[in-house]
Amino acid sequence: MSRIIIFTGKGGVGKTSVAAAHARMSAREGKRTLLFSADMAHNLSDLFEKKIGREDTEVAENLYALEADPDYMMEHEYGDMARSIVNMLKSAGTDSDVLDNGLKLPGMDELFSLLKILDIYESGKYERIMIDCAPTGETLALLKFPELLCWYMEKFFPVGKIAMRVLSPVSRRLLKVELPDKAAMTDMERLYVRLLSLQELMKDRNIVSARIVTMPEKMVVEETKRNYMYLNLYGYYVDGVYVNRMLPASLKNPFFAQWMDIQKHYRKELSDIFRGVPLTEIPWYEQDLCGMESIDRICDEVLEGIDLFQVSAQQAGEVYEKTDSGYRLKLFVPCLKKEKLDLYQSGTDVILRIGNFKRNIAIPNALRKYEITGARLEDSMLEIKFGKGEEV
């Protein structure tokens, strides 16, 4: 069974270096390891001082690196779907020049990066996979996409298949709109099945976990708190935090005195927020970290002696419990303020909205006759109560 670790955090905090150091430690243990860049602004080539692309590249013994190329996957693995969407948009009057320059729908980069990870995992080629993600906002878009797209496709396909059969013969003659053909629908169905497998993999806490890289500064810590909250909202397990660029306590230069007070304050805040989650400090080095020698320095000075790849004690994800009056759903959502949460039921879904992020949680079939009767937030645990409709 492969181990997959996702590294996330605000831009510029050192995610790539920390992910690379983990990959290096894994390779040193004799495990065949892949460092996968899901950030479209790739910088693995800069870090390793070696050309890295969409094919696995060996950078050291047992250590390989790869940069996602979603355009290539879109063209070569889901070509029928792409061409059908382009034809449909063209026939509906969309500018042909725009479409001929390449179809790029919102979320496609994230989708095909994740599908590539699924392909690699299922190949069994690597024992461990380290994923270097884009900055926080893009990472959250990446990680929520499989569940979100599955939800939309489940709503679309039962009606969509019938619509295609009924409308396709008529659309060209009357509507003058080109609808997807059977080959494209088959490709879409294949995509849906892959998304289900992807969603199952990414939520498997015995295989996948997320680790947050941060720095002891106000803006970075505030984004780290939101990142931690949203990762838990979407059901991802956070099992490590790395506080980068810590000034050494022995530093006596008065210029840094206030900086050290600031770092001490936010280091304590991070400890309070991530109580129970392993927290590791990484010093502020005197030079840029580039090349294998720099990566080895993090390994030797920071990570050596830590059991980095074990599956540690877990905070449960979504938990349904039977109660005297019905059921309750328990969801761990740290750093959430009650006034920021919008919670309601829509058909067979529980809708959770926090800021700009929304999650649709499908209500299990056994609870379809129940309705939300109340909710409370206590010690970062959100409890949603369900009762029979007639009791509400």
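See above for the structure.
In short, a report on the structure. (Residues numbered from 1 in each chain as written. Predicted model: local features only at pLDDT ≥ 70, side-chain atom pairs only at ≥ 80, totals over all residues. Heavy atoms only, no water.)

1. Quick notes on the overall build of the chain
Here is step 1 of the chain: Each helix and strand in the chain was counted, giving 11 helices and 15 strands.
Here is step 2 of the chain: Residues counted as buried form 48% of the 392 residues belonging to the chain.
Here is step 3 of the chain: For the chain, restricting intrachain contacts to residue pairs at least 6 apart in sequence, the fraction spanning at least 24 positions comes to 71%.
Here is step 4 of the chain: A total of about 19500 Å² of accessible surface is found on the chain, and carbon and sulfur atoms cover 50% of it. (Helix = DSSP H or I, 4+ residues; strand = E, 2+ residues; numbered from the N terminus. Buried < 20%, exposed > 50% of the residue type's maximum accessible area, 1.4 Å probe, protein only. Contact = heavy atoms within 4.5 Å. Areas by Shrake-Rupley, 256 points an atom, 1.4 Å probe, with all protein chains shown as cover.)

2. Observations regarding the packing of helix H1 (residues 15–28) against helix H11 (residues 292–303)
How two helices pack is summed up by the angle between their axes together with the distance between the axes.
Here is step 1 of the chain: At a minimum axis separation of 9 Å, H1 and H11 run at an interaxial angle of 80°. One way to sum up the angle between H1 and H11 is to call them roughly perpendicular. Seen from H1, the contacting residues are Ser17, Ala20, Ala21, His22, Arg24, Met25 and Arg28; seen from H11, they are Met292, Ile295, Asp296, Ile298, Cys299, Asp300 and Leu303.
Here is step 2 of the chain: In terms of residue class, the contact of H1 with H11 is built from 8 nonpolar, 2 polar and 4 charged. (Axes fitted to C-alpha atoms, helices over the stretch in contact; angles between N-to-C directions. Parallel < 35°, antiparallel > 145°, perpendicular 65-115°, else oblique. Nonpolar A, V, L, I, M, F, W, Y, C, P; charged D, E, K, R; others polar.)

3. Side note on the pairing of strand S14 (residues 370–378)
Here is step 1 of the chain: Across 8 bridges, S14 lies against strand S15 (residues 381–388) in antiparallel orientation. Its bridge partner lying in S15, Gly374 is registered against Lys385.
Here is step 2 of the chain: Hairpin remark: S14 followed by S15, antiparallel, with 2 residues in the connecting loop; positive phi at Asp379, about 55°. (Pairing = 2+ DSSP bridges.)

4. Details of the packing of helix H9 (residues 218–233) against helix H10 (residues 257–273)
Here is step 1 of the chain: Two elements in contact, H9 and H10, have axes whose closest approach is 10 Å; the angle formed by their N-to-C orientations is 10°. Taken together, the axis directions place H9 and H10 in an arrangement best described as roughly parallel. Packed against H9, whose contacting residues are Lys218, Val221, Glu222, Thr224, Lys225 and Tyr228, the element H10 presents Tyr266, Glu269, Leu270 and Ile273 at the interface.
Here is step 2 of the chain: Taken together, the residues of the contact of H9 with H10 sort by class into 5 nonpolar, 1 polar and 4 charged.

5. A few points about the sheet that holds strand S12 (residues 349–354)
Here is step 1 of the chain: Reading across the sheet, the 3 strands line up as S11-S12-S13 and stay open at both edges, with antiparallel pairing between neighbours. Sheet topology places strand S11 (341–346) and strand S13 (357–362) at the edges, where each strand pairs with a single neighbour. Each strand of the sheet is rotated relative to its neighbour by a mean of 20°, with strand direction disregarded.
Here is step 2 of the chain: Alignment of S12 against S13, held across 6 bridges, turns out to be antiparallel. Bridging from a neighbouring strand, Leu352 pairs with Arg359 of S13.

6. Topic: the side chain of Lys15
Here is step 1 of the chain: If you trace the backbone, Lys15 turns up in helix H1.
Here is step 2 of the chain: No salt bridge is formed by the buried Lys15, whose closest oppositely charged neighbour, Asp132, lies at an N-O distance of 5.7 Å.
Here is step 3 of the chain: Among residues more than four places away in sequence, those in contact with Lys15 are Phe7, Thr8, Gly9, Lys10, Asp132, Cys133, Ala134, Pro135 and Val213. (Lys, Arg positive; Asp, Glu negative; His and termini not counted. Salt bridge = Lys/Arg side-chain N within 4 Å of Asp/Glu carboxyl O.)

7. Quick word on the environment of Leu289
Here is step 1 of the chain: Relative to the elements of secondary structure, Leu289 occurs in the loop between strand S8 (279–283) and H11.
Here is step 2 of the chain: A C-alpha to C-alpha distance of 7.3 Å links Leu289 and Ser17, two positions 272 residues apart in sequence.
Here is step 3 of the chain: Once residues within four sequence positions are removed from consideration, Leu289 is found in contact with Ser17, Leu47, Ser294 and Ile298.

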